[in-house]
Amino acid sequence: MLEKPQTPASPAMAERAPRETDVEGWKREFREQLFYVLGRFPATATTNDKYLALAYTVRNHLLGRWVKTSESYYRKKVRTVAYLSAEFLLGPHLGNNLVNLGAYDTVKQAIEELGFDFQTLVDQELEPGLGHGGLGRLAACYLDSLATLQIPSIGHGIRYEFGMFEQQIRDGWQVEVADKWLRLGNPWEIRRPETAFNVGFGGHTEGYADASGRYRVRWVPARLVRGVAHDTPILGYRVNTTNMLRLWSAEAIDSFDLESFNIGDYYGAVEKKVASETISKVLYPDDTALRGKQLRLEQQYFLVACALQDMVRIHLQTAPDLTRFHEKYAVQLNDTHPALAIAELMRILVDERGMHWVPAWDVTRQTMGYTNHTLLPEALEKWSVSLFASVLPRHLEIVQEINRRFLEEIRVRYPGDDDRLRRLSLIEQTGEGWVRMAHLACVGSHAINGVAEIHSQLLKRDVLKDFSDLWPDKFHNVTNGVTPRRFLMLVNPAQARLITDAIGDFWTRDLEGLSALERMADDPGFRAQWRAVKQKNREALATEMHAKTGVVVDPDHMIDIQVKRIHEYKRQHLNLLHVITLYHRLVREGGCDAPPRTVVFAGKAAPGYTMAKRIIKLIHSVAEVVNNDRKTAGRLRVVFVPDYNVKHSQRMFPGADLSEQISLAGKEASGTGNMKFAMNGALTIGTLDGANIEIRNAVGADNFFLFGMTVDDVQRRIVQGYHPYDHYRADEELHAAIDAIANGAFSHGDRELFRPLVENLLRADPFMVLADYRSYIACQDEVGRAWRDAEHWTRTSILNVARMGRFSSDRSIRDYCRDIWHVEPVAIPD
Ligand code: F58
């Protein structure tokens, strides 16, 4: 992107790049790839050979556009967004690229006419699981929208050799298995051995006088690692724009330390290579505090050092110096993980380029924008000063200097307010001292944003209050969105077709166009078709779940789904308390009139998060009892689908009737699964948390199942003193549900297994599960009643979809472009 093309793409070359073609053309291209690239003919080709041949065929259609895009950006010297993120949770590329090319059906037909099963080839792709959850997936949705909206942009990330672990379930417990996503090759990336930079670590700093006698500092690192670029083309929907994701992989500068080798120390010789490559070896799987992990700090620096060197190199191809760097690049920091970019850019400008501090600081601040994704205090990143000093000695000095100047300003503005100084400082003076990354990000950026209205308000009210008092204009809200290409058109072609047949295809270019669907909600014929689509999607999901878990799922059940990381604040255990309550009602004599439902869970727990792992075990234990009790036959099923990832999620959204978004108010920054379900016609049961609030406002209060405390209620309860035991004592059904867990009803009589969970709920209940239980149960009863009126339910489902236009990531990206980045689209002609 923006690079001087190494071999200028001649018009002749661009002409040779394939354009979309007919079925026969795709067949020919596929056969050519199979033969010339993979050296196979159809009869001996494995499924993977065929998948690779198809992937290369499709990639060829991206490459011509990619070259043209880069060339055009270079020629026009465009302002570019650089999205820096430690995670990009892309999901499989093949289907998505076919949708964006507008060639899905043609290619499917071509492959089938060749006698191969298209879906088998699509399913062969191993997804790059380079993220934990919402934050990484958001970055991937944003790349799709940036390309679709024709915004010059590039994503910078880390090419982890092992992504998010694969989750296996043994005896109901989560077991983590290494994710070898690269083992069969990755046809979507292009390695660029010549786009590589050295990255320093450790060592010391030294002062010196430069040629003009000015005092300067240089950093002398103790070791160097080489970052090599791997580029993946990112095609927009039905446009030529093909941006890129540049992932950096760590390599040793020299594979062998020859000196060690010559003296016979073979192990010593390879040791350095191994140590260097460790940096991009694995994504840390913890989704909460990662404090104190030296390797994680090294990963963060590795990413920003590679990304910035690359940007500086490109900028200097056309600019004399870096004084206008901020006009060339809008850098967005996806949470604090890349916030070291602030200190690194200062180091480049001041130490390497000899700029004075004040103008350098001006350039840096104007370049950076910071997005916060959490209000949980334990998830705010801090690094101990001693660790920081040993890994990045020069950056620590720079952070200290930023802090010194910043606190000087504060002293002038709030004389004598020492408490405020202590609160605002970039360094927390407790114990050994901690560098607060969110503070660095706030001070070093011109714009700070939360990811949903309520989250942005709470950031200003609580977590970043002092910064908001100081710089109210720096604060923005950009409510998250999701890409409708992957999460509607690709995953739910039947629903997409039905919509297009009814209202035309304008909505595929502008999701707000879905509003034309509203009038169809009153058409009984359309409602019948809508129901038929959902029924088919439920059947497909039921088949899939049966294959994965052995549980027979009746597709006539209401499919009630909660899929996301397993975390106490997301309250999967509240959902379970409802399941147990339903179960108790069913086995009680006389049963109950709740409609048949299957409750589905999926999600990974951080390997070190024992409570979350115990919740997974409890889901399996409850499922075992419920699914094997004859009294619940045909009425209630519980399923845990292992190894939740993007690929598996794509099967779940279309089949869902009810979407569980039940976090404690004030804890979920936004949520994005809530949007994916609603776009696929599921109704939401949820709290007033994150983007649920905006979804409810958009779809209408009558079309959303609301329960639970508000943020203010929660606050009040805390002030009053929260006593979960009182709820247990006062509510008979809650009492019975908790007793059943405690007494071993789901653990073959074992009363110890779930004791930590029960004790935690009764004595502390930090996420107020018991306080929201009754309201949740009452709301679930209402869901049950609503389900019985199929016509009304269908109408609500259609209205939900019709009113989801706002939650396209295209809208989010337009907001960023307008309020934060100030960039314009650049059309790439044919
Ligand atoms: C998520 N954060 C928020 N963090 O929880 C969710 O509400 C929001 O919708 C989403 O971001 C997008 O804004 C999140 O996914 C992580 O995964 C971190 C990764 C690094 C370690 C700490 C958690």
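As the structure is a prediction and not an experimental result, all values here were calculated from the model.

(A) Local environment of the overall build of the protein chain. Regarding its fold elements, the protein chain presents 34 helices and 24 strands. Here the C-alpha atoms of the protein chain give a radius of gyration of 27 Å, agreeing with the 28 Å that 2.2 N^0.38 yields for 830 residues. Structurally, the protein chain occupies a C-alpha span of about 90 × 75 × 60 Å along its principal axes. Across the protein chain, the fraction of contacts at a sequence separation of at least 24, relative to all contacts at a separation of at least 6, is 78%.

(B) Local environment of the packing of aromatic side chains. The full count for this structure, using the stated rule, is 22 aromatic pairs. Connected via pairs of aromatic rings, a cluster forms that spans Tyr83, Phe88, Tyr142, Tyr816 and Trp821. Positioned above the aromatic ring of Trp471 is the side chain of Lys474, whose terminal nitrogen or guanidinium carbon lies 3.7 Å from the ring centre. The side chain of Lys604 reaches across the aromatic face of Phe165, ending 5.5 Å from its centre.

(C) Molecular detail of the sheet that holds strand β16 (residues 434-436). Reading across the sheet, the 3 strands line up as β14-β16-β15 and stay open at both edges, with antiparallel pairing between neighbours. Strands at the two margins of the open sheet, each flanked by one partner only, are β14 (382-384) and β15 (427-428). Sheet analysis places β15 next to β16, joined by 2 bridges and oriented antiparallel. Residue Glu428 lies in a different strand from β16, and its bridge partner there is Trp434.

(D) Layout of the site of the ligand. Looking at the ligand, there are 20 residues lining it, with Leu135, His373, Asn480, Glu668 and Gly671 nearest. For the ligand, an oxygen atom lies 2.6 Å from a polar atom in the side chain of His373. The fraction of the free accessible surface of the ligand (520 Å²) that becomes covered by protein chains is 89%. Within the shell around the ligand, the residues separate by chemical class into 6 nonpolar, 9 polar and 5 charged.

(E) Examining the side chain of Thr367 more closely. With respect to the element layout, Thr367 can be found in helix α13 (residues 357-367). Looking at Thr367, the relative accessible area reads 0%, which means it is buried. Dropping the residues within four chain positions of it, Thr367 is found in contact with Phe325, His326, Tyr329, Ala330, Val331, Leu345 and His446.

(F) Broad picture of unusual backbone geometry. The phi torsion at Asp335 lies on the positive side, around 70°, for a residue other than glycine. Tracing the backbone through its elements, the reader meets Asp335 in the loop between β12 (329-334) and α12 (340-352). The class of Asp335 is buried, set by a relative accessible area of 6%.

(G) Just the pairing of β12, in detail. Taken across its 6 residues, β12 has 6 buried, putting it largely inside the fold. Neither face of β12 is open: one carries Tyr329, Val331 and Leu333, the other Ala330, Gln332 and Asn334, and all of them are buried. Sheet topology places strand β1 (residues 80-84) next to β12; 5 bridges connect them, and they run parallel. Its bridge partner being in β12, Thr80 is matched across the sheet by Tyr329. Pairing geometry for β12 and strand β13 (residues 368-371), over 4 bridges, is parallel. The residue of β13 that forms the bridge with Val331 is Met368.

(H) View of a nonpolar patch on the surface. The grouping of Phe35, Tyr36 and Val37 at the surface amounts to a nonpolar patch, some 370 Å² of accessible area in total. Among the structural elements, Phe35 can be located in helix α2 (residues 23-37).

(I) Spotlight on helix α4 (residues 94-101). The buried count for α4 comes to 8 of 8 residues, which makes it a mostly enclosed element. All buried positions along α4 are accounted for by Leu94, Gly95, Asn96, Asn97, Leu98, Val99, Asn100 and Leu101. In the segment just after α4, Gly102 is the residue with positive phi, at about 75°.

(J) The arrangement of the sheet that holds strand β11 (residues 242-251) in detail. Reading across the sheet, the 9 strands line up as β7-β10-β11-β4-β1-β12-β13-β17-β18 and stay open at both edges, with mixed pairing between neighbours. Only two strands of the sheet have a single partner each, and these edge strands are β7 (190-201) and β18 (475-477). Sheet twist, expressed as the mean angle between neighbouring strand axes with direction ignored, is 25°. In terms of strand pairing, β13 meets strand β17 (residues 447-450) through 3 bridges, oriented parallel. Within β17, the position partnered with Thr371 by the bridge is Asn449. In the packing of helix α10 (residues 294-316) onto the sheet, the strands contacted are β1, β4 (153-158), β7, β10 (223-235), β11 and β12, and the crossing angle to β7 comes to about 115°.

(K) Here's a closer look at the pairing of strand β23 (residues 683-686). Judged by which residues are buried, β23 turns out to be covered on both faces: Leu683 and Ile685 on one side and Thr684 and Gly686 on the other are all buried. With 4 bridges connecting them, strand β22 (residues 658-661) and β23 associate as parallel partners. Each bridged residue has a counterpart across the sheet, and for Leu658 the counterpart in β23 is Leu683. Crossover β22 to β23 through helix α26 (residues 673-679) is right-handed. The pairing of β23 with strand β24 (residues 705-706) spans 2 bridges and is classified as parallel. By the bridge assignment, Ile685 is partnered in β24 with Phe705. For the crossover from β23 across helix α27 (residues 692-699) to β24, the handedness is right-handed.

(L) Structural context of the confidence of the model for the protein chain. Across the protein chain, the average pLDDT comes to 95, with 96% of residues at or above 70. Across residues 1-15, confidence stays below pLDDT 50; counting only partners more than four residues off in sequence or on other chains, it has 32 contacts.

(M) A look at the pattern of salt bridges. Applying the stated criterion to the full structure yields 62 salt bridges. Taking the shortest distance from any N to any O, the salt bridge between Arg461 and Asp462 comes out at 3.1 Å. Take Arg461: its relative accessible area is 36%, and that puts it in the partly exposed class. Of the residues examined, Asp462 reaches a relative accessible area of 42% and is grouped as partly exposed.

(N) Inspection of the packing of helix α30 (residues 732-742) against helix α32 (residues 769-788) at higher detail. The interhelical angle for the contact between α30 and α32, taken along N-to-C directions, is 115°, at an axis separation of 10 Å. The handedness of the crossing between α30 and α32 is right-handed. For the pair α30 and α32, contact is made by Glu733, Leu734 and Ile738 and by Leu770, Tyr773, Arg774 and Ile777, respectively. Classifying every residue of the contact of α30 with α32 by side-chain character gives 5 nonpolar, no polar and 2 charged.

Quick notes on the rules
- Residues numbered from 1 in each chain as written.
- Predicted model: local features only at pLDDT ≥ 70, side-chain atom pairs only at ≥ 80, totals over all residues.
- Heavy atoms only, no water.
- Helix = DSSP H or I, 4+ residues; strand = E, 2+ residues; numbered from the N terminus.
- Rg over C-alpha atoms; globule rule 2.2 N^0.38 Å.
- Contact = heavy atoms within 4.5 Å.
- Phe/Tyr/Trp six-rings, centres within 6.5 Å; stacked < 30°, edge-to-face > 60°.
- Lys NZ or Arg CZ within 6 Å of the ring centre and 35° of its normal.
- Pairing = 2+ DSSP bridges.
- Near = heavy atom within 4 Å.
- Polar contact = N/O pair within 3.5 Å; in protein donor to acceptor, adjacent residues only side chain to side chain.
- Areas by Shrake-Rupley, 256 points an atom, 1.4 Å probe, with all protein chains shown as cover.
- Nonpolar A, V, L, I, M, F, W, Y, C, P; charged D, E, K, R; others polar.
- Buried < 20%, exposed > 50% of the residue type's maximum accessible area, 1.4 Å probe, protein only.
- Patch = residues over 30% accessible without salt bridge, like charges linked within 9 Å, V, L, I, M, F, W, Y side chains within 5 Å.
- Salt bridge = Lys/Arg side-chain N within 4 Å of Asp/Glu carboxyl O.
- Axes fitted to C-alpha atoms, helices over the stretch in contact; angles between N-to-C directions.
- Right-handed = clockwise from strand over helix to strand, strands pointing away.
- pLDDT = per-residue confidence, 0-100.
- Left-handed = near helix turned anticlockwise from the far one by under 90°.

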